[in-house]
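Listed below, chain by chain, are the residues.
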Amino acid sequence: LFLLYMYLCYIDESGTSDIPGNTSHFVLCGLSIPIWKWKNCEKIIHNIKKKYHLENEEIHTGWIIRNYTEQNKIPKFEELSYEIRRYEVEKIRKQSVLDLEKSRDSKALKQVKKNYTKTAAYVHLSYNERKAFVKEIAVEIGGWSYARLFAECIDKLYFNPKHTSVHNTVDAQCFEQIVSRFEIFLEHQDICNKRQTKKYSLKKNYGLIIHDNNNTIAKKHTMLMKQYHRIGTFWTRIPNIIETPLFVNSELTAMVQLADLCAYSIRRYLENDETELFNEIFKRADRKDQTVVGVRHFTIEDCNCEICQHHRNNNSTGC
């Protein structure tokens, strides 16, 4: 009996790939789950969202975990109902927009409108409730033993385009690394299955990449993937990954939103030593025995962060 199994790898980023940009790191992250676990994962995340009245909203971690100054101006904010909280915040925000329009400060007005649009869905939650919501999602991901995390985390201070394998941009190196590690994971699953069943044609694992739809990179990553299908990446050929990436609207796809949370958590750990979310999602980093092989921090050789320490552990022996 020959069985075909499929793994989905959801990809999103955190930080800017521009050099220097406004972040010191750029992180591209892939969260992989078996296709037969997809419906259950979606249901779990939906139920957590529903608990916080966010069932129809996007999880955009960077915008959720911010200090909304309007809430600080509202007396006894946490004692109010969700409906009244939202009303009071929106009232202050409308006045702020009107004041900026009168001042004719177009730059400040544009930024404020963006901030308000991106955070509008979450204003009924206090800062502590928003943190609790994101933490609950992170803990859930950390408990998914079947999930695997892949990430390339580039400290742009040490990125030298001349030393890359083929491509000379930060985002291209990240994408090549994620594709390579996902492919190696799929191949390793095949090897382990053969050892366990002693049948060389029992099970075959295939993977599909589902990418947050970013217009600036969609065409670029599609062309790169076509090239990888023809000649492989610098590290490996990719017989187990099918198709080019499917680019989807993260607002409508919960699992891509989780990849966003993972990427954000890793970048904030590397840049600000924030461990609360990182410690949960890092449990799912792809490992070979005790060595982390799915997540890499591209930086100085003697870096002592958790990623580098676990990546340098070379005690791997097999499945």
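Residues numbered from 1 in each chain as written. Predicted model: local features only at pLDDT ≥ 70, side-chain atom pairs only at ≥ 80, totals over all residues. Heavy atoms only, no water.

Draft legend 1. Molecular detail of unusual backbone geometry. The omega angle of the peptide bond from isoleucine 19 to proline 20 is 5°, so this bond is cis rather than trans. Tracing the chain through its elements places proline 20 in the loop between strand 1 (3-14) and strand 2 (25-34). Unlike most non-glycine residues, histidine 53 shows phi in positive territory, near 60°. Note on placement: histidine 53 falls in the loop between helix 1 (38-51) and helix 2 (61-64). (Helix = DSSP H or I, 4+ residues; strand = E, 2+ residues; numbered from the N terminus.)

Draft legend 2. Spotlight on helix 8 (residues 215-231). Counted at 1.5 Å a residue, the expected span for helix 8 with its 17 residues is 24 Å, and the 25 Å between its end C-alpha atoms agrees. For helix 8, the full list of buried residues reads Ile217, Ala218, His221, Thr222, Leu224, Met225 and Tyr228. Two residues or fewer past helix 8, glycine 232 is found with a positive phi of approximately 85°. (Expected span 1.5 Å × (residues − 1). Buried < 20%, exposed > 50% of the residue type's maximum accessible area, 1.4 Å probe, protein only.)

Draft legend 3. How the structure looks around the sheet that holds strand 3 (residues 148-155). One open sheet accounts for six strands, arranged 5-4-1-2-3-8; its pairing is mixed. The open sheet terminates on both sides in strands that have one partner only, identified here as strand 5 (246-248) and strand 8 (295-298). Shown here is a sheet whose adjacent strand axes are inclined to one another by a mean of 20°, direction ignored. Of the strand pairs in this sheet, strand 1 and strand 4 (residues 203-212) are connected by nine bridges, and their pairing is parallel. Considered in strand 4, the bridge of tyrosine 10 is made with isoleucine 210. Its contacts with the sheet put helix 8 on strand 1, strand 4 and strand 5, and the angle it makes with strand 5 is roughly 165°. (Pairing = 2+ DSSP bridges. Axes fitted to C-alpha atoms, helices over the stretch in contact; angles between N-to-C directions. Contact = heavy atoms within 4.5 Å.)

Draft legend 4. A look at the packing of aromatic side chains. What the rule picks out here adds up to twelve aromatic pairs. Ring geometry for tyrosine 269 and phenylalanine 278: centres 4.0 Å apart, planes at 10°, overall stacked. Note on accessibility: tyrosine 269 and phenylalanine 278 belong to one class, buried. Over the ring of tyrosine 68 we find arginine 93; its NZ or CZ atom is 5.6 Å from the centre of that ring. Geometry around phenylalanine 282 places arginine 287 over its ring, the cationic atom sitting 5.2 Å from the centre. (Phe/Tyr/Trp six-rings, centres within 6.5 Å; stacked < 30°, edge-to-face > 60°. Lys NZ or Arg CZ within 6 Å of the ring centre and 35° of its normal.)

Draft legend 5. How the structure looks around the pairing of strand 4. The buried fraction of strand 4 amounts to eight of the ten residues, a majority that puts the element mostly inside the structure. Following the chain from strand 4 across helix 8 to the adjacent parallel strand 5, one finds a crossover that is right-handed. (Right-handed = clockwise from strand over helix to strand, strands pointing away.)

Draft legend 6. Looking closely at a positive patch on the surface. Among the surface-exposed residues, Arg66, Lys110, Lys114 and Lys118 lie close enough to one another that they form a single positively charged patch. With respect to the helices and strands, the residue arginine 66 is situated in the loop between helix 2 and helix 3 (69-72). (Patch = residues over 30% accessible without salt bridge, like charges linked within 9 Å, V, L, I, M, F, W, Y side chains within 5 Å. Areas by Shrake-Rupley, 256 points an atom, 1.4 Å probe, with all protein chains shown as cover. Salt bridge = Lys/Arg side-chain N within 4 Å of Asp/Glu carboxyl O. Lys, Arg positive; Asp, Glu negative; His and termini not counted. Charge placed at Lys NZ, Arg CZ, Asp CG, Glu CD.)

Draft legend 7. Structural context of the side chain of lysine 49. Mapped onto the elements of the fold, lysine 49 is located in helix 1. Although lysine 49 lies buried, it forms no salt bridge, and the closest oppositely charged side chain, glutamate 42, sits 7.2 Å away as judged by the N-O distance. Not counting residues up to four positions away in its chain, the partners in contact with lysine 49 are Leu54, Glu55, Glu57, Glu58, Ile59, Phe133 and Gln257.

These values are about where atoms sit, not about what they do.
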